[in-house]
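These are the residues of each chain, in order.
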Amino acid sequence: MSVFFDHRAATSANSVHTDIQWHPSFALLAVATKIDDADNEAQGAVSLFFDEGEAVEDINIEKNCAPTTMSWHPTRKILSVGWENGDITLWNEHEHEASCASDGHKAPVNILAWSSNGTRLISGDERGVMIAWRCDARGQLHQLQNYQKRSSYTHCLFRPVAGGGNDPFYNNYTALARAAVEGDETALDMFGTWNKSKVGNPLLSQIYESTESLSCYVGSEDGLIYHIDDKLVLRECVNVETMIKSMLMYEAKNILVVVTTTMMLIQYNCSPDGVLSEIMKVKLSGKSSITCVIWTGPGLMATVAGEDVVRLWDLEKDNNFSLGGALEQINCLSYSASKRILAGGLVNGKIAMWQHRPGSYLQEHWTVLPTIDLSDSFIQIQWSAAHPLLAANNISDVIILNEQPISTSIGLQSAVVQVSPYHVQLETLDPPNILSIRTDIHIRGVCNSEDHVVLWNNKKIVVYEINEEKNFARLAGTFDIDSPLTAIFQQTLFTAETNTITARNFQGTMKQTMQLTEAEGVPISIDICGHYLVIATNTGFVKGWDISRREARQYISPKNISESLPDTSLVSSVKVNCNGTKISIQLRKPTGEPDSRLLIWYVEQDQLLGYDFSAGQAIQPFSESGSDIDYEDLITGGFINSEIKDKGNMLDTLEQAAAEEVSRRFPKEVLWDPLDSRLLVVQASPLSLEPKNTRGHQKKPVSSAFRSTATNAGTTQQKDDTDMDDRVVSLFATADNGVLLHDSFPMSPGYNKLLGVSVPSFYFILQPEDGLEKADGTIVVANGDDAAAETRNQALKERVSAVTMRNFVGLEKSNAEVRQAMLDFAYHLTIGNLDEAFKAIKLIKSETVWENMAKMCVKTRRLDVAALCLGHMGHARGAQALRDVAKEPELNARVAMLAIQLGMLDDAEQLYMSCGRYDLLNKLYQASNQWSKAIAVAERHDRVHLRSTYYKFARHCELSGDIGAAINGYEKSETHRFEVPRMLFDNIQELEAYVIKSKDKKLLAWWAQYLESTGEMDTALQFYQAAEDIMSFVRIWCYCGRFDEAISIANNTNDRAACYHLARQLENQERYVEAVQFYGKAQAYTNATRLCRANQLDSDLISYAMYSTEDDMVICAQYYEETGANWDKAIMLYHKSGQVSKALELAFKHQQFSALQHITSNLDSSVEPETLHTCATFFMEHQEYSKAVDLLVLAKKYLEALDICIDKHISITEDMAEQMSPDKDAEPEYKRVLFERIGECCMTQGAYHLATKKFTQAGNRVKAMRALLKSGDTEKIIFFAGVSRQKEIYVMAANYLQRLDWRKDPEIMKNIITFYTKGRALDSLSGFYDACAQVEIDEYQNYEKALGALSEALKCINKAKMQDVSTQEAKINFLKRRIALLKRFVQARRTYEENPEEAIKECLALLDEHDIESGVRSGDIYGFMIEHYASTGDYQKAYHLVQELKQRLPTASLAYYVNNEVLNQIYQTMGAEEGLLGDMPAEEEEIEEEVPEEFGF
């Protein structure tokens, strides 16, 4: 709750104010003025003003021309001003001097824009000249670059810093740091008090390391947008083809938003190098051209265009809406991000305001606030970015609205409330009395004692003495003092002055001084309760004094709260309880936002406990050792005390539900009971929206000194954040049990603020009734005029309201003993100690007390205690109700019944909602005549009872005489067709009007029946026709004997009921042909066939019999059989009725082959096997073998069917083979034989895959593999061998694969080796390795790999267990001999590099071996030696060896052994041309083959 002080800036007369600008960080307002005074040489000036409108002295910013634009430096107190003559003035408030740059522009300067850190300034004029300046540390401008374009500039927008520069705390901290370093004393003081205790704050290390964006976009009058990069290169980006009205940067998405004078909205994506690419282009709506465009949040743009509404455009979600309530045309806009308030200046001199509630950017999240009437039309308004200040410019005056919280104070018997800047009222609590006190100072703070009221501002203190009757205030003292904090105790004032707390009398005389050290800092909060005084300082220290004696005595050691916190939170306020044992501490974040934690310092134990309102959890100390806690270890993940953890785990769902109600909030007001040291009451306000899953596992660590004692077991229904109200939360704080949540309830919208607590009452500040107070509690004061304040004073009486605690309802006048007993009872009940709770109240005999206890049991959910309370009350009905609802599974549902019996309907409503029992909530609403709520609950949550709810509502309305509402209820309950006629039957005319109006066909038919009963046939026919009741229409025509009209209607509508009725009537008239026809249309085929048989209508009989029932079909077939004709129809009917045997019997008997073909085509296994076999025999006789096989299969004569398939070459399909499969319960031997027969038949027909399947089902995998081998499906062969796991199958598969081209497929080679190995066919595997070795020799001359393969072959043959041992020995010896020859040749080739002669000798020795060809090809040996001699130049020997090779291998081609080039060289050298020509083979194209590198050995 706050008030606006209005201050008119002390500007000169006869001046026109053209522009106003707030400094981004300081409370400094710059006002540009055009002077219209002939006596004054200066025609233009710029003035600076403080927040209260006082002009900054010794400012000399004047020229003989008008100022055109101005812009503040982002961090320093430096103001740049552009003039009509092109000059640019820089006023440096730090140095208190001005500098002028007049060498750049010759035309009026119309843009000035600073970079983010203020090192660069861009200026532009109306002739298209643009200059980039550098600003040095002394505030002097130095020209960097000059640009010349053809049109005037309108906008300049610097791009945001890439990362890290958008945090408001970081920006404010950086701004203060820079200003402090540059000599600003105010900034130095602020920076020095910015949480001194936070050593090692990571933000400090970033202050001077932040980067600055020096690139910008510039818009011109002709629609061109330019980009200037950090190297001062100017580039034209886009042309919007019309004048630009506004340019905004959507920093989160790096999007440039352009609004033109033609109301076009264009979005451009900004690349890192400044290139703009169009994303979207749309036409904005508005009454006229747009006058103002601003941001009102990330991606939310606000515009005004000559209307009384503000149009908002959500660029993120592509949504738009408007804000109304201004009632007059809006000229200008300004938005305060910190207060979330959008202000608009109206043409009638008022300022309209809208406040955004936390949540998404939807229209319903904006609240219209009362307007501020300042009498003159404004052309410009502007919020200060860093302070709660709003400046308004109406050309002739500049008004500064300074927002300040309204001051309040409460004592034991009275409360003081500020109602205007100069006026307070004293309200006596008991008995009620109001005393108005007016003063001549702007009140910034109040406090009171039993007999005195103290008012003060930062300059003066005024003390009033109140007489015993509380109806007169006398001035008791006044004195000048600069003290932001003041408190009163008896006859002593305590004031805070820098590092001192001073005790003074009412005339200002000092009685005692309590000095604070420099480390302890400056007092920021002071409180007195009982005879204890506590203060908090800006460095986080808390100190306390006992002021009961003549001189104050410090009773606690100073404690630095900030050092006990792991984060950067700061102390903002402290309150002390009545005996000084506990001090509550409120915190705030460095950004200024409130902290959700409320700490309580237990002075005697020196412990910090508290409650976290964001999570709804108590916070406890980790250790009982006070200051010896290792907080750093806790931050880094120290284990949680198991005792506390177990205690938290014991919290039940009910306690968590209560905690959920107060979660996601922060403590706004904190108050101790003045007489009870345990009771603490908090006004908890909603936090800004945060993700729901942060509760219980927040990103930030739990406080170093605190651990939560509550857990998150169970779930509760999520609350709607946008509808959260302030809640009043009562806590018990004791040393034994910590901080306990006792109770909470939503604060009524009629209350503005929690003022105080004193058992048994809460005290609230009421919302004013004159509309001058905003929805968030801001009183709007247009001016400080006393007469206006007096007028408002009449409407602001009774600003304090007392609300009795729910535990004390009915005990408001009880004595102190009863109050204390009830408070003790509440405390013990909260901690779960029932024995002590009953001891506290056992001597109290009042029925009201027991009733209050029962009501407390509703909150605590203690039904056992409630039963005892009801017994003491004699409330028999309530006790019976509790027994009746004991079967309900939900505890809250049972508690709700208790609340109903006690008249606590609101509590019952909340309980039913919390447990989801909307059916019982619906009943509650019905029983309490809250029908609108009952219907709403039924529609949303209890739809199963929706119709019954509407019905009961209609009955209620009927009994109360509200016929219209009753009709509506009956209609929604869908009971109107019988309830409304019953209700209106006594008023036939009204009933007829309702029936006609409803147009309900059933009601029209009912009304027609009523008219028919009264004999009004013609009118009844009209209503039957309107109700489309064709049957009744035809019935009446038949009744009247007008069959032709009835037949016409029945033929036209084909209504079955009408046709049936008409057929019955025609049958009675012996018009059988027509009757049969209408029976058919009515689908009454049994009646149709009956008439056909009775009247020999054989031609029509079959057409109706085919659609009739099976029994009727049999009767009709028997009829045809008895007549001895139409055997085909009889067979057809027997077949369709399911009597297939009878149909086949007639077909065979009367040789009805076509019918037989039709019947057999539809036979299935449900037909008797004998019948199927007979049909199969019939088809065999007529050489229809395929059909015979199908029928035998259906008859399960599988072997006969297979014989026919083999003999008559009938192909077995896969479906047929599946049908032949025997049942699961068949004999195993029969199944095996049958599957093998099927497999053999499939093998004969070449269906190898199907044969494989059947052999496998027969269990004969060998035959299955043989069938699969015949199919040649290599992939399936490999798979089948792998899953069969039989040696014989492995060998069969390997043998098959060896026949393939395994040389080119390494996978096949691998499978061959694997299968031979798994099949234990080592002799076959040895032969395969031998074959591999021969391939290496013959095709690749790779003797090394061949040697490896032969070695593997030898290993395998050695391990083999062949039946013929001699054969095995012969193979072993042969392989050994081959290996020996290969080793000699391989060794010779390996030693060739070192000893060629030895290698040649070994080769010659190999040629002399008689069995050399078994191991090494002699041609390869000759080729090796020939190439050796050719390489050494001994062509004679080489030629000689060539001749030997030709003689030894006369049929072989030399090119296979010796390189062609080598042979050619030998022949040419030896002159053997003919030999060369004859020996040279024709060149063949070389074919590259993929040969596996290894064989797996």
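It should be emphasised that the depicted structure is a prediction, and the values quoted were computed from it without experimental measurement. Residue positions are counted from 1 within each chain, in the order its sequence is given. Given that this is a predicted model, residues contribute local features only at a pLDDT of at least 70 and side-chain atom pairs are listed and counted only at 80 or more, while totals for whole chains, interfaces and linings are drawn from all residues. Only hydrogens and water are set aside; all other atoms, that is, all heavy atoms of the structure, feed into the side-chain values.

Draft legend 1. Geometry of the overall build of the protein. Working definition: helices are DSSP H or I runs of at least four residues, strands are E runs of at least two. Numbering for both runs from the N terminus. Counting secondary structure elements, the protein contains 49 helices and 63 strands. Throughout, a residue-residue contact means that at least one pair of heavy atoms, one from each residue, lies within 4.5 Å. Taking as baseline every contact in the protein between residues at least 6 positions apart, the subset at least 24 positions apart corresponds to 49%. Note on areas: Shrake-Rupley with a 1.4 Å probe; residue coverage comes only from the protein chains shown. Put simply, the protein shows about 69300 Å² of open surface, and 48% of that area lies on carbon and sulfur atoms.

Draft legend 2. Geometry of a negative patch on the surface. To count toward a patch, a residue needs a relative accessible area over 30% and no salt bridge; like charges are then connected within 9 Å, while nonpolar side chains (Val, Leu, Ile, Met, Phe, Trp, Tyr) are connected within 5 Å. By convention in these notes, a salt bridge is any Lys or Arg side-chain nitrogen within 4 Å of a carboxyl oxygen on Asp or Glu. In this tally Asp and Glu are treated as negative and Lys and Arg as positive; neither His nor the chain ends contributes. Charge placement uses NZ in Lys and CZ in Arg. For Asp and Glu, CG and CD serve respectively. Taken together, the side chains of Asp-1301, Asp-1305, Glu-1307, Asp-1338 and Glu-1339 define an acidic patch exposed on the protein surface. Position of Glu-1307 among the secondary structure elements: in helix H41 (residues 1306–1318). When a residue's accessible area, from a 1.4 Å probe over protein chains only, is under 20% of the maximum for its type it is buried; when over 50% it is exposed; and in between it is partly exposed. On the basis of relative accessible area, Glu-1307 is assigned to the partly exposed category, the value being 47%.

Draft legend 3. Region of the structure containing a nonpolar patch on the surface. On the surface, a cluster of nonpolar side chains totalling about 210 Å² of accessible area is made up of Val-16, Ile-379 and Ile-395. Relative to the helices and strands, Ile-395 resides in the loop between strand E31 (389–393) and strand E32 (398–405). Ile-395 gets classed as partly exposed once you look at its relative accessible area, which sits at 35%.

Draft legend 4. Here's a closer look at the environment of Phe-1315. Mapped onto the secondary structure, Phe-1315 falls in helix H41. Spatially, the C-alpha atoms of Phe-1315 and Met-1292 are 8.8 Å apart, while their sequence positions differ by 23 residues. Among residues more than four places away in sequence, those in contact with Phe-1315 are Ile-1278, Ala-1281, Tyr-1290, Ala-1293, Ala-1294 and Leu-1297.

Draft legend 5. Inspection of the nonpolar core at higher detail. Met-1265, Phe-1328, Ile-1421 and Ile-1426 are the most contacted members of the largest nonpolar core, which has 92 residues in total. Per element, the largest residue contribution to this core is 9 residues, and it comes from helix H43 (residues 1343–1359). Among all residues touching Ile-1421, those that are not within four sequence positions of it are Phe-1385, Cys-1403, Leu-1406, Leu-1407, Ile-1412 and Val-1416. Membership of the second largest hydrophobic core comes to 69 residues, among which are Leu-984, Leu-1003, Phe-1078 and Ala-1088. Buried residues of nine kinds, namely Ala, Val, Leu, Ile, Met, Phe, Trp, Tyr and Cys, make up a nonpolar core once their side-chain atoms join them within 4.5 Å.

Draft legend 6. Expanded view of the sheet that holds strand E24 (residues 310–314). Whether two strands pair comes down to DSSP finding at least two bridges between them. Pairing in this open sheet of 4 strands is antiparallel, and the strands run E22-E23-E24-E25 from one edge to the other. Of all the strands in the sheet, the pair left with one neighbour each is strand E22 (292–295) and strand E25 (319–323). Mean inter-strand twist for the sheet, computed between neighbouring axes without regard to direction, equals 20°. Of the pairings in the sheet, the one linking strand E23 (residues 300–304) to E24 comprises 4 bridges and is antiparallel in character. Across the sheet, the residue bridging to Leu-300 is Asp-314, located in E24. Axis lines are fitted through C-alpha atoms, for helices just across the contact stretch, and the angle between N-to-C directions can take any value from 0 to 180 degrees.

Draft legend 7. Local environment of the side chain of Ser-596. Relative to the assigned elements, Ser-596 resides in strand E52 (residues 594–602). We classify Ser-596 as buried; its relative accessible area is 7%. Polar contacts, as counted here, are pairs of nitrogen or oxygen atoms within 3.5 Å of one another; within protein the pair requires one atom able to donate a hydrogen and one able to accept it, and residues that are adjacent in sequence qualify only if both atoms are side-chain atoms. In this structure the side chain of Ser-596 is engaged in a polar contact, spanning 2.8 Å, whose partner is the side chain of Asp-612. When residues no more than four places from it in sequence are discounted, the contact partners of Ser-596 are Tyr-611, Asp-612, Phe-613, Ser-614, Arg-665, Phe-666, Pro-667 and Leu-687.

Draft legend 8. Local environment of the packing of helix H26 (residues 1085–1094) against helix H27 (residues 1098–1105). H27 packs onto H26 with a crossing angle of 160° between their chain directions and a minimal axis gap of 9 Å. By the criterion of interaxial angle, the relationship of H26 to H27 is roughly antiparallel. The hand of the H26/H27 crossing is left-handed. In contact with Tyr-1085, Ala-1088, Thr-1089, Cys-1092 and Arg-1093 of H26, H27 contributes Asp-1100, Leu-1101, Tyr-1104 and Ala-1105. For the contact of H26 with H27, the residue count by class is 6 nonpolar, 1 polar and 2 charged. Angles below 35 degrees are treated as roughly parallel, those above 145 as roughly antiparallel, those between 65 and 115 as roughly perpendicular, and all remaining angles as oblique. What makes a crossing left-handed is the near helix being turned counterclockwise from the far one by less than a right angle; a clockwise turn instead makes it right-handed. Throughout, the ten residues Ala, Val, Leu, Ile, Met, Phe, Trp, Tyr, Cys and Pro are labelled nonpolar, Asp, Glu, Lys and Arg are labelled charged, and all others, Gly among them, are labelled polar.

Draft legend 9. Up close: the sheet that holds strand E9 (residues 97–101). Within the open sheet, the 4 strands sit side by side as E6-E7-E8-E9. Their pairing is antiparallel. Looking along the sheet, the strands with just one partner apiece sit at the ends: strand E6 (67–72) and E9. Within the sheet, the average angular offset between the axes of one strand and its neighbour, ignoring direction, is 20°. Across 5 bridges, the pairing between E6 and strand E7 (residues 78–83) is antiparallel. Among the inter-strand pairings, Pro-67 is bridged to a residue of E7, identified as Trp-83.

Draft legend 10. Here's a closer look at the pattern of salt bridges. The tally for this structure, following the rule as stated, stands at 42 salt bridges. Across the pair Glu-958 and Arg-955 runs a salt bridge whose closest N-O atoms are separated by 3.8 Å. With Glu-958 and Arg-955 both in helix H16 (residues 946–959) and 3 residues apart, the pair spans about one turn of that helix. Using a relative accessible area of 19% as the deciding quantity, one classes Glu-958 as buried. The residue Glu-1074 makes a salt bridge to Arg-1071 at a minimum N-O spacing of 2.7 Å. A cluster of three or more residues bridged by salt bridges with shared partners is formed by Arg-1377, Arg-1384, Glu-1402, Glu-1409 and Asp-1411.

Draft legend 11. Looking closely at the packing of aromatic side chains. Aromatic rings from Phe, Tyr and Trp, with only the six-membered ring used for Trp, were paired whenever their centres fell within 6.5 Å, and each pair was classed as stacked if the ring planes differed by under 30 degrees, edge-to-face if by over 60, and tilted otherwise. Considering all chains together, one arrives at 20 aromatic pairs under this definition. Look at Tyr-751 and Phe-764: their rings are 4.5 Å apart centre to centre, the planes differ by 5°, and that puts the pair in the stacked class. Note that Tyr-751 is positioned in strand E60 (residues 751–758) and Phe-764 in strand E61 (residues 761–766), a separation of 13 residues in sequence. The two residues Tyr-751 and Phe-764 agree in class, both being buried. Look at Trp-1006 and Tyr-1010: their rings are 6.3 Å apart centre to centre, the planes differ by 10°, and that puts the pair in the stacked class. In this pair, Trp-1006 and Tyr-1010 are both assigned in helix H20 (residues 1001–1013), 4 residues apart and thus about one turn of the helix distant. Overall, Trp-1006 belongs to the partly exposed group, its relative accessible area being 27%.

Draft legend 12. Seen up close, unusual backbone geometry. The linkage connecting Val-759 with the following residue, Pro-760, adopts the cis geometry, with an omega of 20°. Its place among the elements puts Pro-760 in the loop between E60 and E61. One non-glycine residue, Asn-254, lies in the positive phi region at around 55°. Mapped onto the elements, Asn-254 comes out in the loop between strand E18 (244–250) and strand E19 (255–260). Judged by relative accessible area, Asn-254 falls into the partly exposed class, the value being 24%. The backbone of Gln-490 shows a phi angle near 55°, a positive value even though the residue is not glycine. Relative to the elements of secondary structure, Gln-490 occurs in the loop between strand E41 (485–489) and strand E42 (492–497). The class of Gln-490 is exposed, set by a relative accessible area of 53%.

Draft legend 13. Focus on the pairing of E22. Pairing of E22 with E23 involves 4 bridges; the strand directions are antiparallel. Bridge pairing in E23 places Ile-294 opposite Ala-302. Counting the residues that bridge the hairpin from E22 to E23 gives 4 residues, and of these Gly-297 lies at a positive phi of roughly 150°.

Draft legend 14. View of the environment of Ser-47. Along the chain, Ser-47 falls in strand E4 (residues 44–49). Judged by its relative accessible area of 26%, Ser-47 falls in the partly exposed class. Sequence spacing of Ser-47 and Ile-59 is 12 residues, and the spatial spacing of their C-alpha atoms is 6.8 Å. In contact with Ser-47, other than residues within four places in its own chain, are Leu-29, Ala-30 and Val-31.

Draft legend 15. Structural detail: helix H13 (residues 905–915). All buried positions along H13 are accounted for by Ala-908, Glu-909, Leu-911 and Tyr-912. Down the axis of H13, the sector holding all buried residues measures 165°, keeping them to one side. Taken together, the buried residues of H13 touch helix H9 (847–860), helix H12 (891–901), helix H14 (918–927) and helix H15 (931–940). Of the residues one or two after H13, Gly-916 is the one with positive phi, at around 75°. The arc in question is formed by the directions pointing from the helix axis toward the C-beta atoms.

Draft legend 16. Summary view of the side chain of Ser-215. Residue position: Ser-215 is located in the loop between helix H2 (185–192) and strand E15 (216–220). Look at Ser-215 and you get buried, because its relative accessible area is 12%. Each residue touching Ser-215, except ones within four places of it in the same chain, is listed here: Phe-158, Arg-159, His-227, Ile-228, Asp-229 and Asp-230.

Draft legend 17. Representation of helix H38 (residues 1261–1271). Residues of H38 that are buried include every one of Val-1262, Ala-1264, Met-1265, Ala-1267, Leu-1268 and Leu-1269, and no others. Turning to H38, the residues buried within the fold contact helix H36 (1228–1245), helix H37 (1248–1258), helix H39 (1274–1284) and helix H40 (1287–1298).

Draft legend 18. Inspection of the confidence of the model for the protein at higher detail. Within a predicted model, pLDDT stands for the predictor's per-residue confidence, ranging from 0 to 100. On average, residues of the protein score 79 in pLDDT, and 82% of them are at 70 or above. For the protein, strand E57 (residues 706–708) is the element with the lowest average pLDDT, namely 30, and strand E46 (residues 532–537) is the one with the highest, namely 95. With pLDDT under 50 throughout, residues 164–171 is counted as low confidence; its partners more than four residues away or in other chains account for 13 contacts. Between residues 193–209, whose pLDDT stays under 50, and residues either more than four places distant or in other chains, the model counts 31 contacts.

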